[in-house]
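Summary of structural features
Chain by chain, the residues:
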Amino acid sequence: MTLSVVVPLYNEEEVIAESYRQLTEALESCGESYELIFVNDGSRDQTWAMAHALAMRDKRLKLLCFSRNFGHQTAITAGMDHASGDAVVVIDADLQDPPSVIPAMVEKWREGYDVVYGRRTRRKGETLFKKATAKAFYRGVNAMTDVDIPVDAGDFRLLDRKVIEALKALPERNRYVRGLVSWVGFRQAAVDYVREERFAGVTKYPLRKMLRLAADAVTAFSYKPLKLSIYIGAVMAALCFAFLLFVIVQRVFFPDTIQLSGWASLTAISLFCNGIILLMLGIMGEYIGRIYDEAKARPIYILSGKVNFDPAE
Ligand code: UDP
Ligand code: MG
């Protein structure tokens, strides 16, 4: 088996047939043996039934079914865990990442690169809001983390078996796959492409999921938010201490000047300080919650079905 192609699917009944068709076409043009792995991430529509029907006719199409929605990054992880190819390609189901780019990735892989990632030179047909938030996401995550994650590159990429084995050896449950791929290293190359419009349906990444992905990315790859708390805390402590001295000096040496007016300033100071403290606690909570998740050591996903895999796999 040379190529494995992993496709996460969440409520993609409108695109699955066309996606399967275009992927098969692109893979056949590569001239390599291949397997397609569709990971159904707890879809609530006809995705599973349709995938099942396709898999009954094509043994090269293998299916994994989650017991519920575990999220995009988890679906990719499951696909990688079950892939048997010498190289694994991860691609979205909605044809925003054109399958026709896969042969170019394979070409680069043949040249000796271990990671070939798709870099979006342009995004078509997405709302200004989506483009702006995506841009802010990639820049923001990079500014806040210590690993160098390529900007404007999603999860559309080809990974050599070596990289897959390295990723599988990472036991963490919070899986920001792009970051992990950068973290493991190896020889990396980019292939430029234009991100197409979604073939059909709507995005499965609402703002809520994007924010969560950003929080996962930052907490998994950096302590910067915690360090920021220390710096802000130090500055605030210094300011408060200076003010404390001022208050003591005033009370001891100039008791007559103290008036009972300071209500507004006291309230402002207390609200401001409490706000900052709660914010810092929130940041710590983000980390502690993730430590808790790791400590519980629950499986990353639960499968409710597998189709066309060998019993041994
Ligand atoms: N996806 C998934 N689980 C989720 C959300 C999304 O498996 O909880 C899949 C989705 O089916 C698609 C890919 O992840 O194949 C990318 O999602 P989408 O195209 O909606 O994101 P966008 O391109 O808008 O960022
Ligand atoms: Mg998409």
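Look a little higher up for the structure.
Residues numbered from 1 in each chain as written. Chains lettered and ligands numbered in written order. Predicted model: local features only at pLDDT ≥ 70, side-chain atom pairs only at ≥ 80, totals over all residues. Heavy atoms only, no water.

1. Brief notes about the overall build of the protein
What the protein contains, in helices and strands, is 10 helices and 8 strands. The C-alpha radius of gyration of the protein comes to 25 Å, more than 25% above the 20 Å expected for a compact globule of 313 residues. Seen along its three principal axes, the alpha-carbon backbone of the protein occupies a region of about 90 × 40 × 40 Å. By residue count, 46% of the 313 residues in the protein fall in the buried class. Here the contacts in the protein between residues at least 6 apart in sequence split such that 83% fall between residues at least 24 apart. (Helix = DSSP H or I, 4+ residues; strand = E, 2+ residues; numbered from the N terminus. Rg over C-alpha atoms; globule rule 2.2 N^0.38 Å. Buried < 20%, exposed > 50% of the residue type's maximum accessible area, 1.4 Å probe, protein only. Contact = heavy atoms within 4.5 Å.)

2. A short note on the environment of Thr-24
Within the fold, Thr-24 resides in helix α1 (residues 16–30). By relative accessible area, Thr-24 is classed as buried at 10%. C-alpha of Thr-24 to C-alpha of Arg-60: the two residues are 36 residues apart in sequence and 9.6 Å apart in space. Other than its neighbours up to four places away in sequence, Thr-24 contacts Tyr-34, Leu-36 and Arg-60.

3. Comments concerning unusual backbone geometry
A positive phi angle, close to 50 degrees, is found at Asn-11, a residue other than glycine. The backbone of Asn-308 shows a phi angle near 70 degrees, a positive value even though the residue is not glycine.

4. Examining the side chain of Arg-157
Tracing the chain through its elements places Arg-157 in strand β6 (residues 157–160). Buried charge without a partner: Arg-157 forms no salt bridge, and the closest opposite charge is Asp-155, 4.9 Å away. Polar contacts involving the side chain of Arg-157 include one to the main-chain carbonyl oxygen of Gly-154, which spans 2.9 Å. (Lys, Arg positive; Asp, Glu negative; His and termini not counted. Salt bridge = Lys/Arg side-chain N within 4 Å of Asp/Glu carboxyl O. Polar contact = N/O pair within 3.5 Å; in protein donor to acceptor, adjacent residues only side chain to side chain.)

5. Describing the packing of aromatic side chains
Going through the model one piece at a time under the given rule, you end up with 5 aromatic pairs. For the ring pair Phe-66 and Phe-70, a centre distance of 5.3 Å and an interplane angle of 85 degrees mean the geometry is edge-to-face. Both residues of the pair, Phe-66 and Phe-70, belong to the buried class. Here a set of aromatic residues connected by ring pairs shows up, and it is made of Phe-66, Phe-70 and Tyr-301. When the ring centre of Phe-70 is taken as origin, the NZ or CZ atom of Arg-68, which lies over that ring, is 3.8 Å away. (Phe/Tyr/Trp six-rings, centres within 6.5 Å; stacked < 30°, edge-to-face > 60°. Lys NZ or Arg CZ within 6 Å of the ring centre and 35° of its normal.)

6. Considerations on a nonpolar patch on the surface
A cluster of nonpolar side chains, namely Phe-241, Leu-244, Leu-245, Ile-248, Val-249, Val-252, Phe-253 and Phe-254, defines an oily patch on the protein surface of about 800 Å² accessible area. Within the secondary structure layout, Phe-253 lies in helix α9 (residues 224–253). (Patch = residues over 30% accessible without salt bridge, like charges linked within 9 Å, V, L, I, M, F, W, Y side chains within 5 Å. Areas by Shrake-Rupley, 256 points an atom, 1.4 Å probe, with all protein chains shown as cover.)

7. Observations concerning the site of ligand 1
Residues in contact with ligand 1 amount to 19 residues; listed here are only the nearest, Asp-41, Asp-94, Gln-96, Thr-203 and Lys-204. Side-chain polar atom of Asn-69 to an oxygen atom of ligand 1: 3.2 Å apart, as the coordinates give it. When ligand 1 is considered free in solution it has 530 Å² of accessible area, and contact with the protein chains removes 96% of it. Considered class by class, the residues forming the shell around ligand 1 number 5 nonpolar, 5 polar and 9 charged. (Near = heavy atom within 4 Å. Nonpolar A, V, L, I, M, F, W, Y, C, P; charged D, E, K, R; others polar.)

8. Side note on the coordination of the magnesium ion (ligand 2)
Here the magnesium ion (ligand 2) is held by Asp-94 (OD) and Gln-96 (OE1), and the distances to it run 1.9 Å. For the pair formed by Asp-94 and Gln-96, the shared burial category is buried. (Donors = N, O, S within 2.8 Å, 3.2 Å for Na, K, Ca; no water.)

9. Brief notes about helix α3 (residues 72–82)
Taking burial as the measure, the 11 residues of α3 include 10 buried ones, the bulk of the element. What α3 keeps buried is the set His-72, Gln-73, Thr-74, Ala-75, Ile-76, Thr-77, Ala-78, Gly-79, Met-80 and His-82.

10. Notes on the nonpolar core
Buried together is how nonpolar side chains tend to be arranged in soluble globular proteins. With 38 residues, the main nonpolar core has Val-39, Met-80, Val-141, Leu-159, Leu-167 and Tyr-176 as its most contacted residues. Residue contributions to this core peak at 5 residues, all from helix α8 (residues 207–221). With sequence-adjacent residues up to four places away left out, Leu-167 is seen in contact with Met-80, Leu-159, Arg-175, Leu-180, Val-181 and Val-184. With 34 residues, the next largest nonpolar core counts Val-15, Leu-27, Ala-51 and Val-89 among its residues. (Core = buried A, V, L, I, M, F, W, Y, C linked by side-chain atoms within 4.5 Å.)

11. Here we look at the pattern of salt bridges
Going through the model one piece at a time under the given rule, you end up with 20 salt bridges. Asp-216 is the salt-bridge partner of Arg-212, the closest N and O atoms lying 3.8 Å from each other. Highlighted residues: Arg-212 and Asp-216, both in helix α8, separated by 4 residues, approximately one helical turn. Judged by relative accessible area, which is 53%, Arg-212 ranks as exposed. What makes Asp-216 buried here is its relative accessible area of 12%. Beyond isolated ion pairs, a larger network of salt bridges with shared partners links Arg-212, Asp-216, Glu-286 and Arg-290.

12. Looking at the sheet that holds strand β5 (residues 115–123)
The strands that make up a sheet pair up through hydrogen bonds in the backbone, lying either parallel or antiparallel. What the 8 strands build is an open sheet, ordered β7-β5-β6-β4-β1-β2-β3-β8; its pairing is mixed. What marks the edges here is a single partner per strand, and that holds for β7 (188–195) and β8 (303–307). Going from strand to strand, the sheet's axes swing by 20 degrees on average, the running direction of each strand aside. Pairing between strand β1 (residues 3–9) and strand β4 (residues 87–90): 4 bridges, direction parallel. Opposite Val-5, over in β4, you have Val-89 as the bridge partner. Its contacts with the sheet place helix α2 (residues 47–57) against β1, β2 (34–40), β3 (61–66) and β8, and it is angled at close to 155 degrees to β3. Packing against the sheet, helix α7 (residues 177–184) makes contact with β5, β6 and β7, and its axis sits at approximately 45 degrees to β6. (Pairing = 2+ DSSP bridges. Axes fitted to C-alpha atoms, helices over the stretch in contact; angles between N-to-C directions.)

That is the geometry; function is a separate question.
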